[in-house]
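Structural features, examined
This is what each chain is made of:
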Amino acid sequence: MPLCQLIYASRPFGFNAEMLDDILVAARRNNARKSITGALVCRADLFLQILEGPRLAVTETFGRILRDDRHIEVALLHCADTSDRLFPSWTMRDDPPQSWMWPREDVRQGAAAETTTAQAVEIFRRLSCEPRAE
Ligand SMILES: Cc1cc2nc3c(=O)[nH]c(=O)nc-3n(C[C@H](O)[C@H](O)[C@H](O)COP(=O)(O)O)c2cc1C
């Protein structure tokens, strides 16, 4: 079955630590069952997520994520077949945005949603080479 990689950006709605915990618990439980791996860059002003796994599982999961009211302005940045996973050992890694991604002010002005496909893939490629921030 072809592997697919999907990246989107969105804006959290009503963000707090408990909400993020709930998202990650559900994501990790469901993704483990569906062979999905990935990473979620998250902060009060930004979600940027990569999902990788069997195409059907990824598109079905993204369909549920799209309908989730804990975020708004979901912008699909990348969806393509891939031969390798960037986060093979993470059912959903979580990281705050890194200083090399965007300045906070740029995020506020919607920089994430305007990221090109190549930039979005490059962000996660680079993140996958770094240890998860504690
Ligand atoms: C930013 C964000 C990322 C999410 N990531 C995932 C994910 O990777 N996998 C997943 O199954 N659900 C994810 N969810 C949650 C889904 O939208 C949905 O609530 C959940 O899949 C429902 O699962 P449940 O019926 O088992 O509770 C995410 C939600 C948000 C807002």
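Each value, and the rule that gives it
- Residues numbered from 1 in each chain as written.
- Predicted model: local features only at pLDDT ≥ 70, side-chain atom pairs only at ≥ 80, totals over all residues.
- Heavy atoms only, no water.
- Buried < 20%, exposed > 50% of the residue type's maximum accessible area, 1.4 Å probe, protein only.
- Helix = DSSP H or I, 4+ residues; strand = E, 2+ residues; numbered from the N terminus.
- Pairing = 2+ DSSP bridges.
- 1 Å grid on protein atoms, 1.4 Å probe; cavity = no way out; pocket = protein on both sides within 12 Å on 5 of 7 lines; lining within 4 Å.
- Points joined across faces, edges and corners; volume = space filled by probe spheres on them.
- Polar contact = N/O pair within 3.5 Å; in protein donor to acceptor, adjacent residues only side chain to side chain.
- Near = heavy atom within 4 Å.
- Areas by Shrake-Rupley, 256 points an atom, 1.4 Å probe, with all protein chains shown as cover.

So, the pairing of strand β1 (residues 3-12)
- In terms of residue burial, β1 counts as a mostly covered element, since nine of its 10 residues are buried.
- Across eight bridges, β1 lies against strand β3 (residues 46-54) in antiparallel orientation. In the sheet register, Tyr8 faces β3, and the bridge partner there is Gln49.
- Sheet analysis places β1 next to strand β4 (residues 71-82), joined by nine bridges and oriented antiparallel. Following the sheet pairing, Gln5 is matched in β4 by Ala80.

Quick look at the layout of surface pockets
- One number sums up the size of the largest pocket: a volume of about 300 Å³.
- Looking at the largest pocket, it is lined by 16 residues, and the ones nearest its centre are Ile23, Ala27, Ile65, Asp68 and Arg70.
- Listed by contribution, the elements that provide at least two residues to the lining of the largest pocket are α1 (17-34), β3 and α2 (55-66).
- The greatest single-element share of the lining of the largest pocket, amounting to five residues, is contributed by α1.

Quick notes on the side chain of His71
- Topologically, His71 is positioned in strand β4.
- We classify His71 as buried; its relative accessible area is 8%.
- Among the polar contacts listed, one links the side chain of His71 to the side chain of Ser10, at a separation of 2.8 Å.
- Engagement of the side chain of His71 in a polar contact is seen with the backbone oxygen of Ile65, the distance being 2.8 Å.

Some details on the site of the ligand
- Neighbouring the ligand are 16 residues, the closest being Arg29, Asn30, Asn31, Arg64 and Asp68.
- Within the contact set of the ligand, an oxygen atom lies 2.6 Å away from a side-chain nitrogen or oxygen of Asp68.
- Interatomic distance of 3.1 Å between a side-chain N/O atom of Arg70 and an oxygen atom of the ligand.
- In the complex, the protein chains occlude 81% of the 620 Å² of accessible area that the ligand would expose alone.

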